[in-house]
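Below, each chain spelled out in residue letters.
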Amino acid sequence: MTIFVLSACLAGILVSLSRQLNGRLSFATSPLIASFWNHLVGFGLLTVIGIAIGGLVPAGALDAPWYAYLGGPVGVVFVAAGSWVITRIGAMNTALMIIGGQMTGSVAINLLKSAESTFLMASLGVVLIIAGMIVSQRRTRD
């Protein structure tokens with residue numbers, strides 16, 4: 001279990017670093033150029049890793065439904081929007097907004113799927129995140 005927790009922490013650190021670098025690059029150039037370089041470097045690195053480890057194109061990839069490939073275009077829009085937002089509201093508020101959106105989205109999906117056992121706790125998580133955003137906004141204004 002420890003390896004999974006450490007992997008999750010490392011992933012969080014790398015995502016934060018990526019957002020910071022994209023925000024800096026967006027300041028210097030534009031959000032679209034920052035998104036382009038983010039995807040170019042990521043594609044190159046993941047391709048090299050996929051070739052080295054094997055399984056670059058998994059079996060059955062061509063049998064997947066068309067909507068399984070919508071993650072790429074959605075990711076491009078997400079990274080470009082994140083690069084644009086970071087320059088306007090800052091990295092911390094952007095991270096809070098992303099986390100709040102993910103939590104709210106997961107609660108909505110659970111509600112649509114009638115997963116009542118986790119709805120109360122997930123809703124409490126959303127309320128706490130929104131409260132944290134409100135508190136952080138009050139501190140920056142004072």
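Parameters at a glance
- Every chain's residues receive numbers from 1 upward, in the order its sequence appears when written.
- Thresholds applied to this predicted model are a pLDDT of at least 70 for local features of residues and 80 or more for the giving and counting of side-chain atom pairs; totals over whole chains, interfaces and linings are not thresholded and use all residues.
- Just so you know, side-chain values use all the structure's heavy atoms and leave hydrogens and water out.
- Note on conventions: DSSP H or I runs of at least 4 residues are helices, E runs of at least 2 residues are strands, and numbering of each starts at the N terminus.
- C-alpha atoms define the radius of gyration, and 2.2 Å times the number of residues to the power 0.38 defines the globule rule.
- We call two residues in contact whenever any of their non-hydrogen atoms come within 4.5 Å of each other.
- Centres within 6.5 Å are what make two rings of Phe, Tyr or Trp a pair, Trp counting through its six-membered ring; a difference in plane orientation under 30 degrees is then read as stacked, over 60 as edge-to-face, and the rest as tilted.
- For every residue, the accessible area (1.4 Å probe, protein chains only) is compared with the maximum for its type, and the residue is labelled buried under 20%, exposed over 50%, or partly exposed between those bounds.
- To estimate the expected span of a helix, count its residues, drop one, and scale the result by 1.5 Å.
- Patches here are clusters of residues that have more than 30% relative accessible area and form no salt bridge, with a 9 Å joining cutoff for like charges and a 5 Å cutoff for nonpolar side chains (Val, Leu, Ile, Met, Phe, Trp, Tyr).
- Shrake-Rupley sampling with a 1.4 Å probe provides the accessible areas, and residues are treated as covered by the protein chains on show and by no other component.
- Salt bridges are counted wherever a side-chain nitrogen of Lys or Arg sits within 4 Å of a carboxyl oxygen of Asp or Glu.
- With axes taken as lines fitted to C-alpha atoms, and helix axes fitted only over the stretch in contact, angles between N-to-C directions fall between 0 and 180 degrees.
- For classification, angles of less than 35 degrees are called roughly parallel, those exceeding 145 degrees roughly antiparallel, those between 65 and 115 degrees roughly perpendicular, and all remaining angles oblique.
- Each helix crossing is assigned a hand: it is left-handed if the near helix lies turned anticlockwise from the far helix by less than a right angle, otherwise right-handed if that turn is clockwise.
- Each residue gets one of three labels, nonpolar for Ala, Val, Leu, Ile, Met, Phe, Trp, Tyr, Cys and Pro, charged for Asp, Glu, Lys and Arg, and polar for the others, Gly among them.
- Per residue, pLDDT captures the predictor's confidence, and it can take any value from 0 to 100.

Helix and strand content of the chain: 5 helices and 0 strands. Each helix and strand of the chain, ordered N terminal to C terminal, gives the series α-α-α-α-α. Over its C-alpha trace the chain gives a radius of gyration of 18 Å, far above what one expects of a compact globule, namely 14 Å for 142 residues. Seen through its principal axes, the chain has C-alpha atoms that stretch 50 × 45 × 35 Å. Partitioning the contacts of the chain with sequence separation of at least 6, the portion at a separation of at least 24 is 55%.

Before going further, it helps to examine the packing of aromatic side chains. For the structure shown, the criterion picks out 2 aromatic pairs. Note on F36 and W37: the rings are 5.6 Å apart at their centroids and 75° apart in plane angle, and the pair reads as edge-to-face. Centre to centre, the rings of W66 and Y67 are 5.8 Å apart; their planes meet at 85°, and the pair counts as edge-to-face. Grouping residues by exposure puts W66 and Y67 together as exposed.

Moving on, we come to the side chain of N22. Along the chain, N22 turns up in helix α1 (residues 2-28). Those residues in contact with N22 that sit more than four places away from it in its chain are A34, N38, V79 and S83.

Let's shift gears to α1. Between its terminal C-alpha atoms α1 stretches 39 Å, which fits the 39 Å expected from 27 residues at 1.5 Å a residue. By the burial criterion, the buried members of α1 are N22, G23 and S26. Looking at the buried side of α1, the elements it contacts are α2 (31-53) and α3 (71-89).

So, about a nonpolar patch on the surface. Together, I33, F36, W37, L40 and V41 line one region of the surface with nonpolar side chains, adding up to about 490 Å² of accessible area. Position of F36 relative to the elements: it lies in helix α2.

Turning our eyes to something else, we now look at the packing of α3 against helix α4 (residues 91-112). For the pair α3 and α4, the least separation of the axes is 7 Å and the interaxial angle reads 135°. As judged from the angle between their axes, α3 and α4 are oblique. Of the two possible hands of crossing, α3 and α4 adopt the one that is right-handed. Counted together, F78, G82, V85, I86 and I89 of α3 and A91, N93, T94, M97 and I98 of α4 form the full contact between these two elements.

Looking now at the packing of α1 against α3. Axis separation between α1 and α3 bottoms out at 8 Å; the angle between their running directions is 70°. The orientation of α1 with respect to α3, classified from their angle, is roughly perpendicular. In the packing of α1 onto α3, the handedness of the crossing is right-handed. In contact with R19, N22, G23, S26 and F27 of α1, α3 contributes F78, V79, S83, W84, I86 and T87. Partitioning the contact of α1 with α3 into residue classes produces 5 nonpolar, 5 polar and 1 charged.

Okay, the confidence of the model for the chain next. When the pLDDT values of the chain are averaged, the result is 81; 94% of them are 70 or greater. Taken element by element, the predicted model of the chain shows its lowest mean pLDDT in helix α5 (residues 116-141) (72) and its highest in α2 (88).

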